Structure formats: structure tokens, C-alpha cells
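Inside the fold
Spelled out from the first residue to the last, the chains are:
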Amino acid sequence: MEVIRDSVGYDGTVAALGNFDGLHVAHMTIIRNAIRYASENNLKSGVLLFDENTKGVTQGGIELITPNEAKLELLEREKLDFVFMEKFDADFMRKTPEEFVRYLIDKLKIKAVCVGYDYSFGYKAEGDVKLLKHFGEKYGFEVFVTDAISVDGILVASTYIRQLIKSGEMEQAEKFLGRRYCIEGRVVRGFQNGTKMGIPTANVDYDANMALPKEGVYAGITYVDGKRLKSVINVGKNLTFEAKKLTVESHILNFNEDIYDTYIRVSFAKRLRDVVKFSGVDSLINQIRADIATTSDMEL
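Summary of the structure given here. (Residues numbered from 1 in each chain as written. Predicted model: local features only at pLDDT ≥ 70, side-chain atom pairs only at ≥ 80, totals over all residues. Heavy atoms only, no water.)

So, on to the side chain of Arg-162. For Arg-162, the location among the structural elements is in helix 7 (residues 158-166). Ignoring any residue separated from it by four or fewer positions in sequence, one finds Arg-162 in contact with Asp-21, Ile-62, Glu-63 and Ile-65. (Helix = DSSP H or I, 4+ residues; strand = E, 2+ residues; numbered from the N terminus. Contact = heavy atoms within 4.5 Å.)

What follows is the structure, encoded as C-alpha cells:
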């Protein structure tokens, strides 16, 4: 899969278009429709992504579900031909709907586009699916629209997924994302409280813009250098030690390697409990050991 920032070198492409802030199951359906149509028509399949989240720019900030690095890794698995990365700045934001379509024709060489039922484009989101189809007829490209997709009778949407994550409902979030929610970053040194208790943790230097799960303790998986390792993950302030900083820390089961400065990914499978201020360190240790035993017995 090529990551392109200028102009594609293909004769014709099928481009999946959308905000794609979460790459949830509805987004992936749009993208897979593009891949299928491209394969059937001897075209190249691709996705248009932006360096900045479009809603984050237009609405003054938004919590991320899937950062671009993770998006590229996920899209690589789909066997797309390319991802076109564009800078979403004030100039790009001012493109009229027709100017945006001309951009797609000139830069991405589109022969077809795949979008969701609620797709909007152009300055102040003035363009909709109906207008896109009009431009398709005018400029000679196909427009394929994916209908709304629901899970358990609820419409799949990034806003709803954020609510699930922030409520700690990780199993529900997994259904709508199509995968477990992850936080990633380099391992940095914290206060070493876990090490002092004989239960070391990997303190993740995560992107401050990420949507964080509700404070609590979770069972999950930590990915380290290609290894998939069961973990007990704490999100929050360590109340027992009266810590002020909110951290994401993973205790990796049966693991004692030095991984400081290593880039890791932590996935959240199931919420175990709230963060609690214990009466003393011994009580905290006993509870963490119980959390470890619970996680160890889980199929993750």
C-alpha cells in the first residue's frame, strides 16, 4: 500500500471518502466496497485521509478514536493500493463542493467513489450525496453509497463509540469498532510505585487527544515487539498514593523485561472495577493480585 501526498500515478482509481475518524465497522464497509469495485473493474483502490481530523479543525477539537498511524496499519491489512494523505488547512477547507470534486479528479484520478449515506463535502459541508451524484454524471465517475449500518439496533457512529469508551463499556465499543479499542505510545518512567510493590507497570505516554476509557481497571492485551501479552490496565490517578496525574499503566502478566522507551499498544477487553482509594499499600497489593488472577483466567 502506497502512502501518497502529491498525485496518484494511476490511470484510474476508486476512492473511499469520509471523515473516517474511527475506522469503525461502517467506515470499513465503505472502504471494502471500494476495494471490491476496484478489483472487479481493474482499477486501483484507495482512501483519502487528512493529517488533521476535519471535525477537530472545524469544531475546535475532538477526541481521537484511531490516530493516523493506527489507521494506516489497519488499512494496510485490507490490501488497499494507496492512501492519499492531504493537509486539511484553511485553504482546503474553503474549497466549494465542485472544487473538491475537481481536486479528486485531478489528484486521485477517480473513476468511482464510495461514500456513506450521510456524506458531506466542500465548504461548510454544503455538498451532500445528491450533489455528489450530480457531479458524477457531469464529470463521468460512479458514486456508490453505503446505507446506514446498525449494531444491536443502534446506528454505528463515532460519537456513540466515544460515549461507550468514556463510559468504560469496552465490550460494546468493540462491537461497533470491529476491534478492541487501543491506546498506544512509548513507555516512560512514572513514580515506580508498581515496581516498589513488586507489580511493575508500563506507563504509556499516550496522545493527549485520545478518547480515554472511564477511569478504572481493565483486563486486556499489551502488544510489545510483536508479542501479544495478557495485562491488567489501570486508567486514572493512583488514589492510594494520592497521585494527581491521570495515567494509563499496564501490568503485563508473567513478564519482566525492560521495555522503557519501547512503543507499545494496549487494548481494552473488559472493565474489571472502579479505581479505589485503599486503606493501605497491602490492601492495594491484594486487590491487584486478585485482578491479575481474574485476568489470567480469561480468554482474551
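Below, the discussion takes up unusual backbone geometry. Even without being glycine, Phe-20 reaches a positive phi, approximately 50 degrees. Even without being a glycine, Asn-42 presents a positive backbone phi close to 55 degrees. Looking at where Asn-42 falls in the secondary structure, it is placed in the loop between helix 1 (25-40) and strand 3 (44-50).

This paragraph deals with the packing of aromatic side chains. For the structure on display, the rule yields 14 aromatic pairs. Taking the centre distance of 5.0 Å and the plane angle of 85 degrees together, the rings of Phe-92 and Tyr-103 count as edge-to-face. Here Phe-92 is found in helix 4 (residues 90-93), whereas its partner Tyr-103 is found in helix 5 (residues 97-108), with 11 residues between them in sequence. Owing to a relative accessible area of 9%, Phe-92 belongs among the buried residues under this scheme. On the accessibility criterion, Tyr-103 (7% relative accessible area) is buried. Relative to Phe-121, the ring of Tyr-119 lies with its centre 5.7 Å away and its plane at 15 degrees, an arrangement referred to as stacked. Grouping aromatic residues by their ring pairs yields a cluster made of Phe-50, Phe-84, Phe-88, Phe-92, Phe-100, Tyr-103, Tyr-119 and Phe-121. (Phe/Tyr/Trp six-rings, centres within 6.5 Å; stacked < 30°, edge-to-face > 60°. Buried < 20%, exposed > 50% of the residue type's maximum accessible area, 1.4 Å probe, protein only.)

Counting residues in each nonpolar core, the largest one holds 33 residues, and the members touching the most others are Ile-165, Tyr-181, Ile-183, Val-248, Ile-259, Ile-264 and Phe-268. Those elements giving two or more residues to this core turn out to be helix 7, helix 8 (170-177), strand 9 (181-188), strand 10 (202-206), strand 11 (216-224), strand 12 (227-236), strand 13 (247-252) and strand 14 (263-273). Those residues in contact with Phe-268 that lie beyond four places of it in its chain are Met-170, Arg-180, Tyr-181, Ile-183, Pro-213, Tyr-218, Ala-219, Ile-233, Val-235 and Val-248. Tyr-10, Leu-17, Val-101 and Phe-141 belong to the second-largest nonpolar core, a separate cluster that totals 27 residues. (Core = buried A, V, L, I, M, F, W, Y, C linked by side-chain atoms within 4.5 Å.)

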